[in-house]
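# Residue-level structure breakdown
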Amino acid sequence: VSPAKVPTATLVRVFWRCLFLQAAWNRRGMQNLGFAYAIDPALRALYQDASAREEALRRHLGFFNCHPYMAAAIVGGAIHHEERVAAGVEPRQGPLSYKQTLQGPLAALGDGFFWTALRPFFGALAAVGALLFGAPAIVLALAIYNAIHFGLRIGLFRAGYVQGDALVATVGRLALPVAADRLRSAGAALCGVAAGVILLRSGWLGGPGAAVLAALAAGLGYAALARGARLLPTAYVATLAGVGAALAFAHFHGSS
Amino acid sequence: LGYLVLGLVAGLAAVERKGFLQAMLSRPIALAPIAGWALGDAAGGLLVAPPLELFWLGAVNLGAALPAHEALGTAAIAGGAVLAGRALGTGVTPEIAILAVLITAPVAILGRKADRAVEGGLNERIALHAETALAGHHLREAVRCNLYGLAAPFALAAVLAPAAAALAAALIPVILVRVPAAAGPLRIGFYAFAAFACASGAKALRAKAAPRFFFLALAVAAVLGVLVWRIAP
């Protein structure tokens, strides 16, 4: 029996709805509502019988949590399995097993690549660009980020839908952890470039003393954060120390 | 009208940040200029965007962990700075920007607490409602419930960002008019904050080699900058 196919227009609609995956993120089922919302058009296309559709929807209202970009692959794969369930060639638990097996590994991969490497890299790139070239650099950096992000998100959705379980090999070939390591190092270097630019600007504006203060804020700030200091209080200390040192300098300079 | 516009921008950013899309439009680097532009001073927003982006570079949503609400903090800081700059007739200057940071940045922590309350309270009730709807064979309602979750983040940010910005816009002109001598040291404080933000960004990248790359790039950029400055006519 050849499995029933979900129309392309419906797949497009499902992908659009994937963008709302975390709309009602909750501690009970995490992305369960988002997953059910995303896959619903495909279930409507596959199950004409209301009770069968309700049962399928119940399957997808269970606990689910994954990286929101990588989840597109699981939504696509779940439709692949639902097509087989609707055709009677796979047990009803098939889509659920698929989701349960893949959500953890893909979440770890997505967090490691997108959230802690690709996005911070482009954030740092846009920040350096903004410091040197202004707003057009931000637009360019975000355009490149989203070309990569949407390219991968759409590609993963398609790969999940077409390949089903074979998706794992496709994701493996992307070598995301290797790319993530390189992006993190490059991102740290971009932060250093930004610090260099800020140092120079503070020097031009307030003299060598101001540049030294900025350098101290960067160096001591990094050391404090590396030792586990909390971000916001440390920022207050760095800023107020800078203001205080400038006040003291102005006082002594003025009185001499 | 400015506060309404800021509320709308902050609300939409809060939705984009987690509930819909996640295309970096709610990141400080994009949101600060957008908020500034919406209030009539894109350049003012652009001044605070790079340090805020680097400062909150590590604000990512890993699993169930909630980061500081960087979008809310950014909208409040950029909005407060632009409105204070308008009140003083100077536009956003570094001293105004740093005062806006000092006054309104804690709203990002408040935003995290609000997120936690929404996800553990309201959204759980929405999930229960969806299950009840499904049990009652109301499939459309069960599916639609997901979109209800967009309302609370929008509303919270739409209220908190203008409120924090209003506080900054009220305090900053008073401080700078009453203590004009503070302007210079505050300007230095802005650059100290910006430099610290770069360190925060490098630290957030969680790379073993991050300190080496960060300090090496800092030194190279600073030396190259000095050389270019000396050579340039």
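No experiment lies behind these values; they were computed from the predicted model shown. (Residues numbered from 1 in each chain as written. Chains lettered and ligands numbered in written order. Predicted model: local features only at pLDDT ≥ 70, side-chain atom pairs only at ≥ 80, totals over all residues. Heavy atoms only, no water.)

## A look at the overall build of chain B
A count of helices and strands for chain B gives 10 helices and 0 strands. Element order for chain B, N to C, with α for helix and β for strand: α-α-α-α-α-α-α-α-α-α. The buried share among the 233 residues of chain B stands at 60%. Sequence-distant contacts, at least 24 apart, represent 74% of the contacts inside chain B between residues at least 6 apart. On chain B, roughly 9,000 Å² of surface is accessible, and the fraction owed to carbon and sulfur atoms is 71%. Across chain B, the centroid of the 17 positively charged side chains sits 9 Å from that of the 10 negatively charged ones. (Helix = DSSP H or I, 4+ residues; strand = E, 2+ residues; numbered from the N terminus. Buried < 20%, exposed > 50% of the residue type's maximum accessible area, 1.4 Å probe, protein only. Contact = heavy atoms within 4.5 Å. Areas by Shrake-Rupley, 256 points an atom, 1.4 Å probe, with all protein chains shown as cover. Lys, Arg positive; Asp, Glu negative; His and termini not counted. Charge placed at Lys NZ, Arg CZ, Asp CG, Glu CD.)

## Notes on empty space enclosed by the protein
One pass over the full model with this rule turns up 6 cavities of 30 Å³ or more. Of the volumes computed, that of the largest cavity is approximately 130 Å³. Around the largest cavity, the lining comprises 16 residues; the ones closest to its centre are K18, G19, D115, E119 and P153 of chain B. Among the secondary structure elements, those contributing two or more residues to the lining of the largest cavity are α1 (2-19) and α6 (107-135) of chain B. Looking at side-chain class alone, the lining of the largest cavity contains 7 nonpolar, 5 polar and 4 charged residues. Its boundaries defined by the atoms lining it, the second largest cavity holds a volume of some 70 Å³. Every residue lining the second largest cavity is listed: W115 and R119 of chain A together with R17, K18, Q22, A59, V60, N61, P67 and E70 of chain B. Taken together, the elements giving at least two residues each to the lining of the second largest cavity come down to α5 (94-133) of chain A together with α1 of chain B. A per-class count over the lining of the second largest cavity returns 4 nonpolar, 2 polar and 4 charged. (1 Å grid on protein atoms, 1.4 Å probe; cavity = no way out; pocket = protein on both sides within 12 Å on 5 of 7 lines; lining within 4 Å. Points joined across faces, edges and corners; volume = space filled by probe spheres on them. Nonpolar A, V, L, I, M, F, W, Y, C, P; charged D, E, K, R; others polar.)

## So, the packing of aromatic side chains
As enumerated under the stated definition, the model contains 19 aromatic pairs over all chains in all. Between the aromatic rings of W16 of chain A and F20 of chain A, the centroid separation amounts to 5.5 Å while the plane-to-plane angle is 80°, which identifies the pairing as edge-to-face. In this structure W16 of chain A comes out as partly exposed when scored by relative accessible area, which is 45%. Put simply, the rings of W16, F20 and Y37 of chain A together with F20 of chain B touch in pairs and so form one group of aromatic residues. (Phe/Tyr/Trp six-rings, centres within 6.5 Å; stacked < 30°, edge-to-face > 60°.)

## Some words on the pattern of salt bridges
Residues and elements named next belong to chain B. Tallied over the full model, the rule gives 16 salt bridges over all chains. E70 is paired through a salt bridge with R27; the nearest N and O atoms lie 3.6 Å apart. Here E70, found in helix α4 (residues 70-88), pairs with R27, found in the loop between α1 and α2 (28-38); they are 43 residues apart in sequence, far enough to count as distant. R27 carries the same exposure label as E70, and that label is buried. Its salt-bridge partner being E141, residue R144 comes within 3.1 Å of it at the nearest N-O pair. Here R144 pairs with E141, and both are found in helix α7 (residues 139-148), just 3 residues apart, close to one helical turn. Of the residues examined, E141 reaches a relative accessible area of 19% and is grouped as buried. A single salt-bridge network, built from bridges that share partners, covers R17, R27, E53, E70 and D115. (Salt bridge = Lys/Arg side-chain N within 4 Å of Asp/Glu carboxyl O.)

## Observations regarding unusual backbone geometry
Phi is positive for M30 of chain A, close to 55°, though the residue is something other than glycine. In this fold, M30 of chain A is placed in the loop between α1 (8-18) and α2 (32-46).

## What to know about the environment of I138 of chain A
Inspection of the secondary structure puts I138 of chain A in helix α6 (residues 135-163). Between the alpha carbons of I138 of chain A and G172 of chain A there is a distance of 31 Å; along the sequence they are 34 residues apart. Excluding its chain neighbours within four sequence positions, the residues that come into contact with I138 of chain A are A126 and A130 of chain A together with I29, P33 and L46 of chain B.

## Remarks on the packing of α5 of chain A against α6 of chain A
All names here are of chain A. Relative to each other, α5 and α6 sit at 165°, their axes nearing to 8 Å. Overall, the two elements α5 and α6 adopt an arrangement that is roughly antiparallel. Regarding α5 and α6, the two cross each other, and that crossing is right-handed. Residues Y98, F113, F114, W115, L118, R119, F122, A126, G129, A130 and F133 of α5 pack against A135, P136, A137, I138, A141, I144, Y145, I148, L152 and G160 of α6. (Axes fitted to C-alpha atoms, helices over the stretch in contact; angles between N-to-C directions. Parallel < 35°, antiparallel > 145°, perpendicular 65-115°, else oblique. Left-handed = near helix turned anticlockwise from the far one by under 90°.)

## A word on the environment of A86 of chain A
Residue and element names in this part refer to chain A. Following the sequence through the fold, A86 ends up in helix α4 (residues 71-86). In the structure, A86 is positioned 74 residues away from G160 in sequence and 18 Å away in space, judged by C-alpha atoms. Setting aside its immediate chain neighbours within four residues, A86 contacts L46 and Y47.

## Things to note about α6 of chain A
The terminal C-alpha atoms of α6 of chain A lie 41 Å apart, and with 29 residues this matches the ideal 42 Å at 1.5 Å per residue to within 8%. Phi for G164 of chain A, located one or two positions after α6 of chain A, is positive at around 60°. (Expected span 1.5 Å × (residues − 1).)

By themselves these figures say nothing about function.
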